[in-house]
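Each chain, written out:
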Amino acid sequence: MKSLDDVVEFHGHICPGLVLGYRVSIVALKKFGDRAEDEEIVAIVENNSCAVDAVQVVTGCTFGKGNLIFKDYGKQVYTFIKRPSGESLRISVKWESPQETEEEKEMWEKYIRGDRSEDVLKAVHYRKSRKIDSIIHAGDEELFTIKKVRMEPPEEAEIYPSIRCSLCGEKVMKPRAKVRDGKIVCIPCFEKDIK
Ligand SMILES: [Zn+2]
Ligand SMILES: [Zn+2]
């Protein structure tokens with residue numbers, strides 16, 4: 001099982017979003033067992049925040065393997081689908097960050113106006129660690145609404161042959177190739193204005 005340290009190493013820093021994504025992933029793995037070596041689990045993520053990096057590292061649902069599907073809804077919702085059964089888990093984040101003090105609000109205002117003085121940085125950093133701490137110590141039921149659902153697993157990623165674009169000469173996977181003036185071209189060449 002990947003640790004929070006592994007996740008931080010991949011992501012580059014620790015932040016509340018990443019820790020939430022880590023907790024989401026642990027719930028998914030508790031339900032489905034092992035990390036996906038191949039495409040046994042598919043994740044549908046409804047945002048592209050820091051959390052998604054944790055999902056990739058911990059669950060093995062990755063952009064490159066094609067078993068991470070991004071829906072640009074701006075929602076903190078993560079659905080995991082087991083192949084081939086279609087058994088699924090929909091995890092929606094309901095966690096609320098701890099109440100900010102007046103002073104913290106003020107410091108945050110200064111921070112977003114570009115103030116990087118020692119006091120401001122200290123306050124912002126402290127606020128961030130309080131959030132992270134709260135997420136780490138909360139129970140699953142405080143963090144998430146978890147629903148068992150059943151979904152049709154998406155098709156497995158297919159491997160397509162490449163063909164060459166007749167304009168730039170670069171390779172393009174066949175289903176993305178276009179035809180322009182009777183010639184096979186890639187999308188950027190297709191969309192480029194030809195003088
Ligand atoms: Zn982050
Ligand atoms: Zn081209």
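This text gives an overview of the structure that appears in the document. As a convention, each chain's residues are numbered from 1 in the sequence order in which they are written. Labels follow written order: the first chain is A, the first ligand is 1, and so on. Restriction of local features to residues with pLDDT of at least 70 applies here, the model being predicted, together with a cutoff of 80 or more for giving and counting side-chain atom pairs; totals for whole chains, interfaces and linings are based on all residues. In computing side-chain values, all of the structure's heavy atoms are included and hydrogens and water are not.

## Overview of the coordination of the zinc ion (ligand 1)
In step 1: Any nitrogen, oxygen or sulfur atom within 2.8 Å of a metal ion counts as a donor, with the limit raised to 3.2 Å for Na, K and Ca, and since water is left out, coordination shells can look unfinished. Taken together, the protein donors to the zinc ion (ligand 1) comprise His11 (NE2), His13 (NE2), Cys15 (SG) and Cys50 (SG), at separations of 2.1 to 2.3 Å.
In step 2: Around the zinc ion (ligand 1), the four donor atoms sit at angles spanning 89 to 141°, and that spread fits a shape best called irregular.
In step 3: Read N to C, the donor residues that coordinate the zinc ion (ligand 1) are spaced as H-x1-H-x1-C-x34-C. Note that cysteine 15 is positioned in the loop between helix H1 (4–11) and helix H2 (16–32) and cysteine 50 in the loop between strand S1 (41–45) and helix H3 (51–59), a separation of 35 residues in sequence.
In step 4: Residue class for cysteine 15 comes out buried when judged on its relative accessible area of 8%. Site shape is set this way: if four donors have all angles between 85 and 135 degrees, tetrahedral; if opposite donors are over 155 degrees apart and all others between 65 and 115, square planar for four donors and octahedral for six; otherwise irregular. Only DSSP runs of H or I reaching four residues or more are called helices, and only runs of E reaching two or more are called strands; each is numbered from the N terminus. Residue burial is assigned from relative accessible area. The probe radius is 1.4 Å, only protein chains are included, and a residue is buried under 20% of its type maximum, exposed over 50%, and partly exposed in between.

## Describing the coordination of the zinc ion (ligand 2)
In step 1: Surrounding the zinc ion (ligand 2) are the protein donor atoms Cys165 (SG), Cys168 (SG), Cys186 (SG) and Cys189 (SG), which sit 2.3 to 2.4 Å from the metal.
In step 2: Viewed at the metal, the four donor atoms of the zinc ion (ligand 2) are separated by angles of 100 to 117°, and the geometry they form is tetrahedral.
In step 3: Read N to C, the donor residues that coordinate the zinc ion (ligand 2) are spaced as C-x2-C-x17-C-x2-C. Of this pair, cysteine 165 sits in the loop between strand S6 (162–164) and strand S7 (171–173) while cysteine 189 sits in helix H7 (residues 187–191), and the two are 24 residues apart along the sequence.
In step 4: Residue cysteine 165 is classed as buried on the basis of its relative accessible area, which comes to 3%.
In step 5: The exposure class of cysteine 189 is buried, given its relative accessible area of 4%.

## Structural notes on the packing of aromatic side chains
In step 1: Put simply, two rings from Phe, Tyr or Trp (the six-membered ring, in Trp's case) pair if the centres are within 6.5 Å, and we call them stacked under 30 degrees between planes, edge-to-face over 60, tilted for the rest. Counted under the stated rule, the structure contains one aromatic pair.
In step 2: Between tryptophan 108 and tyrosine 111, the ring centres sit 5.3 Å apart and the planes meet at 20°, which makes this aromatic pair stacked. With tryptophan 108 and tyrosine 111 both in helix H4 (residues 102–112) and three residues apart, the pair spans about one turn of that helix.
In step 3: Residue class for tryptophan 108 comes out partly exposed when judged on its relative accessible area of 40%.
In step 4: Here tyrosine 111 falls in the partly exposed class, since its relative accessible area comes to 23%.
In step 5: Two conditions define a charge sitting above a ring: the NZ of Lys or the CZ of Arg must be within 6 Å of the ring centre, and it must be within 35 degrees of the ring normal. Across from the ring centre of tyrosine 111, 3.9 Å away, lies the NZ or CZ of arginine 116, which sits over that ring.
In step 6: Over the aromatic face of phenylalanine 190 sits the side chain of lysine 178, whose NZ or CZ is 5.5 Å from the ring centroid.

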